[in-house]
Amino acid sequence: MSISIPELPTDSTPAEILRAGIEAANGPVSLACSFSLEDVAIIDIAHQAGLRMGVFALDTGRLNEETYEVADALVERYRMKINWYFPRHEDVQKLESAEGLFSFRESLDKRHACCAIRKVEPLSRALKGLAGWVTGMRREQSITRGELKAIEADSLNGDILVPKIRTSAVTSMYSETGDPETYPALLKINPLIDWSGEQLRAYVEQHRLPKNRLYSLGYRSIGCAPCTRAVQPGEDARAGRWWWEHPENKECGLHRR
Ligand code: SF4
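Turning our attention to the pattern of salt bridges. Applying the stated criterion across every chain yields a total of 13 salt bridges. Residue glutamate 140 is joined to arginine 138 by a salt bridge in which the shortest nitrogen-to-oxygen separation is 3.0 Å. With relative accessibility at 4%, the residue arginine 138 sits in the buried group.

Following this line, the structure appears as structure tokens:
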């Protein structure tokens, strides 16, 4: 089985990108929701456009209380279901027993180990059975996100998650045709790719959407509590994530390229 990536006009709206992505995926599509402004806007856009999309969230065990408040507000407002995924308790127990509660500050390897247990492994379970996943990633967020596309093949997660029979079909299709327009069967849909922070904030205000209270304290990108802080005016939106690391390292493994 293969999926063709639709060609979209460069001025496509988030709703048009979302619709095209969902149609191209031709199977279950779900938003990976961290309750950011981006994710809340996408939920509202899908709702307004009548698009069918699931929502899943990763509870790392280290989230801020304010983040849970947004989750609750969304359930209330849209009468929606959130599929929560948790890390495997035995992995967390082993990590914290061996390394302590803040090992992620000690080195990049230890930070990646924590993200692998609390985020990446649960994500692999969340993506099982999906034909596409939606993210709130935007190009302007940081230097790690400049190469994003509105709809792209997620061959990394796809390779892991597509069942063997589909994977071998894809592999042979690849080698026989070499067709660059056909990809493994997991799409990543980034409907807000070209939105600026200003556009996003205006949409959230205009529609009075639920908003994490931490934004009013200077936070611009919100992840786990111990790895996120407020940023200074003029700083990159993700400067407050893992602020002790170099900017090019600031991904948690959820968005591998
Ligand atoms: Fe662990 Fe921090 Fe990654 Fe959360 S963001 S999983 S606490 S290293």
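The geometry of helix α2 (residues 37-49) relative to helix α8 (residues 197-206) is characterised by a closest axis approach of 10 Å and an angle of 60° between their N-to-C directions. If you check the angle between α2 and α8, you find them oblique. Where α2 crosses over α8, the handedness of that crossing is left-handed. Only Leu200, Arg201, Tyr203 and Val204 of α8 make contact with α2, whose side of the interface consists of Leu37, Glu38, Ala41, Asp44, Ile45 and Gln48.

Membership of the largest hydrophobic core comes to 47 residues, with the highest contact counts inside it found for Leu18, Ile43 and Met53. Listing elements by their share of this core, those giving two or more residues are α1 (14-25), β2 (29-32), α2, β3 (54-58), α3 (65-78), β8 (187-189) and α8. In terms of residue count, the dominant contributor to this core is α2 (seven residues). Residues contacting isoleucine 43, with those up to four places away along its chain left out, are Leu31, Cys33, Met53, Val55, Leu74, Tyr78 and Met80. Residues Phe56, Leu58, Leu130 and Trp133 belong to the second largest nonpolar core, which totals nine residues.

Calculation notes
- Residues numbered from 1 in each chain as written.
- Predicted model: local features only at pLDDT ≥ 70, side-chain atom pairs only at ≥ 80, totals over all residues.
- Heavy atoms only, no water.
- Salt bridge = Lys/Arg side-chain N within 4 Å of Asp/Glu carboxyl O.
- Buried < 20%, exposed > 50% of the residue type's maximum accessible area, 1.4 Å probe, protein only.
- Axes fitted to C-alpha atoms, helices over the stretch in contact; angles between N-to-C directions.
- Helix = DSSP H or I, 4+ residues; strand = E, 2+ residues; numbered from the N terminus.
- Parallel < 35°, antiparallel > 145°, perpendicular 65-115°, else oblique.
- Left-handed = near helix turned anticlockwise from the far one by under 90°.
- Contact = heavy atoms within 4.5 Å.
- Core = buried A, V, L, I, M, F, W, Y, C linked by side-chain atoms within 4.5 Å.

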